[in-house]
Number of protein chains: 2
Amino acid sequence: MAIYGDEESCDMRGMLGFLILFLLYEKKPMHGQEIADELAKRRGDRPSPGTIYPAIKGLKDAGYLHEEKKIGKTISYTLTPRGMKAFHVARRRFTKIFFGVLD
Amino acid sequence: MAIYGDEESCDMRGMLGFLILFLLYEKKPMHGQEIADELAKRRGDRPSPGTIYPAIKGLKDAGYLHEEKKIGKTISYTLTPRGMKAFHVARRRFTKIFFGVLD
DNA sequence: ATACCTATATAGGGTGTCCGATATATATAA
DNA sequence: TTATATATATCGGACACCCTATATAGGTAT
């Protein structure tokens, strides 16, 4: 059971999309690699392209992300109003569940 | 993609064991149904027996839980020193990842 | 033009969490 | 005893997140 190893007690699966919404909520325009950078700082390990881009695509297909501008192959994303609302709902739920957990 | 439905933006899968550690860290002796009660209050829906008991067993097998006392079929659990340490490690990681997310 | 680096993209599948269904056991009540 | 309610337990599998490997394309330099 990987979750209960010596190093980690939870794998936090299912939080990637939520984290991306949060990052875009905080720092408006970000592209894929910037998101990966920020996740690397927070999680300790950097998500691979095969992790980050499908996650972005999922959020985009849900109508939560707007492609802002393209410079070369770089694509910047911002939250749509729908994405903003989805994040607020998710954050309220997250806060209720994990109230009191943080140091 | 179930995660990005209208109601929820993340399923928070992979957090159940971590939450149980947290609940036992806060309120020392709890048995299965008390844990289910508390999770019901936080998550909104009550975990079924098929969810909660395998999760407890996983933590028990990892050496994180100590069976305190049995009254009838009721079993109360507390964190072992090892479980305490595992929770501290997990909470530090959790806090780093989700810093700034809560309302 | 060629080489190289970076950013984006998809497929395919491993992996493990979580849940429904089901079973067992204890305590209490009628 | 019989019935009922509660607590614990296991199994079997659906589900889908995430990763490895691979591919494509734009920018830049030589």
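Residues numbered from 1 in each chain as written. Chains lettered and ligands numbered in written order. Predicted model: local features only at pLDDT ≥ 70, side-chain atom pairs only at ≥ 80, totals over all residues. Heavy atoms only, no water.

Chemist: How should helix 3 (residues 49-61) of chain B be read in this particular structure?
Modeler: Every α-helix carries 3.6 residues per turn, so stepping three or four residues along brings you back to the same face. All names here are of chain B. Between the first and last C-alpha of helix 3 there are 18 Å, a value that for 13 residues agrees with the 18 Å anticipated at 1.5 Å per step. Tucked into the core, helix 3 has its buried residues touching helix 1 (16-26), helix 2 (32-43), strand 2 (65-71) and strand 3 (74-79). Phi for Gly63, located one or two positions after helix 3, is positive at around 85 degrees. (Helix = DSSP H or I, 4+ residues; strand = E, 2+ residues; numbered from the N terminus. Expected span 1.5 Å × (residues − 1). Contact = heavy atoms within 4.5 Å.)

Chemist: What am I meant to see in the nonpolar core here?
Modeler: Looking at soluble globular proteins, one finds that nonpolar side chains tend to be buried together. If you look at the biggest cluster of nonpolar residues, it comprises 56 residues, and the most contacted ones within it are Phe98 of chain A together with Phe98 of chain B. Those residues in contact with Phe98 of chain B, other than ones at most four positions away along the chain, are Met12, Met15, Phe18, Leu19, Arg42, Phe94 and Leu102 of chain A. (Core = buried A, V, L, I, M, F, W, Y, C linked by side-chain atoms within 4.5 Å. Buried < 20%, exposed > 50% of the residue type's maximum accessible area, 1.4 Å probe, protein only.)

Chemist: How should the environment of Leu79 of chain A be read in this particular structure?
Modeler: All names here are of chain A. Note that Leu79 resides in strand 3 (residues 74-79). Spatially, the C-alpha atoms of Leu79 and Gly63 are 8.9 Å apart, while their sequence positions differ by 16 residues. When neighbours within four sequence positions are excluded, Leu79 is seen to be in contact with Leu21, Leu24, Tyr25, Tyr64, Leu65 and Met84.

Chemist: Where do I start with the sheet that holds strand 2 (residues 65-71) of chain A in this structure?
Modeler: Each strand in a sheet pairs with another by means of backbone hydrogen bonds, the pair being arranged parallel or else antiparallel. Residue and element names in this part refer to chain A. Here we have three strands laid out as an open sheet, ordered 1-3-2, and antiparallel in their pairing. Each having just a single partner strand, strand 1 (30-31) and strand 2 make up the two edges of the open sheet. Sheet topology note: the strand 1/strand 3 ladder contains two bridges and is antiparallel. Opposite Met30, over in strand 3, you have Tyr77 as the bridge partner. Here helix 1 (residues 16-26) sits on the sheet in contact with strand 1, strand 2 and strand 3, set at roughly 85 degrees to strand 3. (Pairing = 2+ DSSP bridges. Axes fitted to C-alpha atoms, helices over the stretch in contact; angles between N-to-C directions.)

Chemist: Got a minute to help me understand the environment of Lys60 of chain A in this structure?
Modeler: Residues and elements named next belong to chain A. Looking at the element boundaries, Lys60 is found in helix 3 (residues 49-61). On the accessibility criterion, Lys60 (28% relative accessible area) is partly exposed. Along the sequence, Lys60 and Tyr77 sit 17 residues apart, while their C-alpha atoms lie 9.2 Å from each other.

Chemist: Which parts of the structure should I look at to understand the packing of aromatic side chains?
Modeler: Note on aromatic pairs: each is described by the distance of the centres and the angle between the planes. Scanning the model with the defined rule gives 13 aromatic pairs over all chains in all. Between Tyr25 of chain B and Phe87 of chain B, the ring centres sit 4.7 Å apart and the planes meet at 35 degrees, which makes this aromatic pair tilted. A residue pair is termed long-range when its members are at least 10 positions apart, and Tyr25 of chain B in helix 1 and Phe87 of chain B in helix 4 (residues 81-97) qualify at 62 residues. Judged by relative accessible area, which is 28%, Tyr25 of chain B ranks as partly exposed. Take Phe87 of chain B: its relative accessible area is 0%, and that puts it in the buried class. Taken together through their ring pairs, the aromatic side chains of Phe18, Phe22, Tyr25, Phe87, Phe94 and Phe98 of chain A together with Phe18, Phe22, Tyr25, Phe87, Phe94 and Phe98 of chain B make up a single cluster. (Phe/Tyr/Trp six-rings, centres within 6.5 Å; stacked < 30°, edge-to-face > 60°.)

Chemist: Would you mind showing me how to read the sheet that holds strand 1 (residues 30-31) of chain B here?
Modeler: All names here are of chain B. Here we have three strands laid out as an open sheet, ordered 1-3-2, and antiparallel in their pairing. What marks the edges here is a single partner per strand, and that holds for strand 1 and strand 2. In terms of strand pairing, strand 2 meets strand 3 through five bridges, oriented antiparallel. Its bridge partner lying in strand 3, Lys70 is registered against Ile75. Where helix 1 meets the sheet, its contacts fall on strand 1, strand 2 and strand 3, and the angle it forms with strand 3 comes to roughly 85 degrees.

Chemist: Which parts of the structure should I look at to understand the packing of helix 2 (residues 32-43) of chain A against helix 4 of chain B?
Modeler: For any two helices packed against each other, the geometry comes down to the angle between their axes and how far apart the axes lie. Where helix 2 of chain A contacts helix 4 of chain B, the two axes come as close as 8 Å, and the packing angle between them is 155 degrees. Taken together, the axes of helix 2 of chain A and helix 4 of chain B are roughly antiparallel relative to one another. In terms of crossing hand, the pair formed by helix 2 of chain A and helix 4 of chain B is right-handed. Facing helix 2 of chain A, whose interface residues are Lys41, Arg42 and Arg43 of chain A, helix 4 of chain B presents Arg93, Lys96 and Ile97 of chain B. For the contact of helix 2 of chain A with helix 4 of chain B, the residue count by class is one nonpolar, no polar and five charged. (Parallel < 35°, antiparallel > 145°, perpendicular 65-115°, else oblique. Left-handed = near helix turned anticlockwise from the far one by under 90°. Nonpolar A, V, L, I, M, F, W, Y, C, P; charged D, E, K, R; others polar.)

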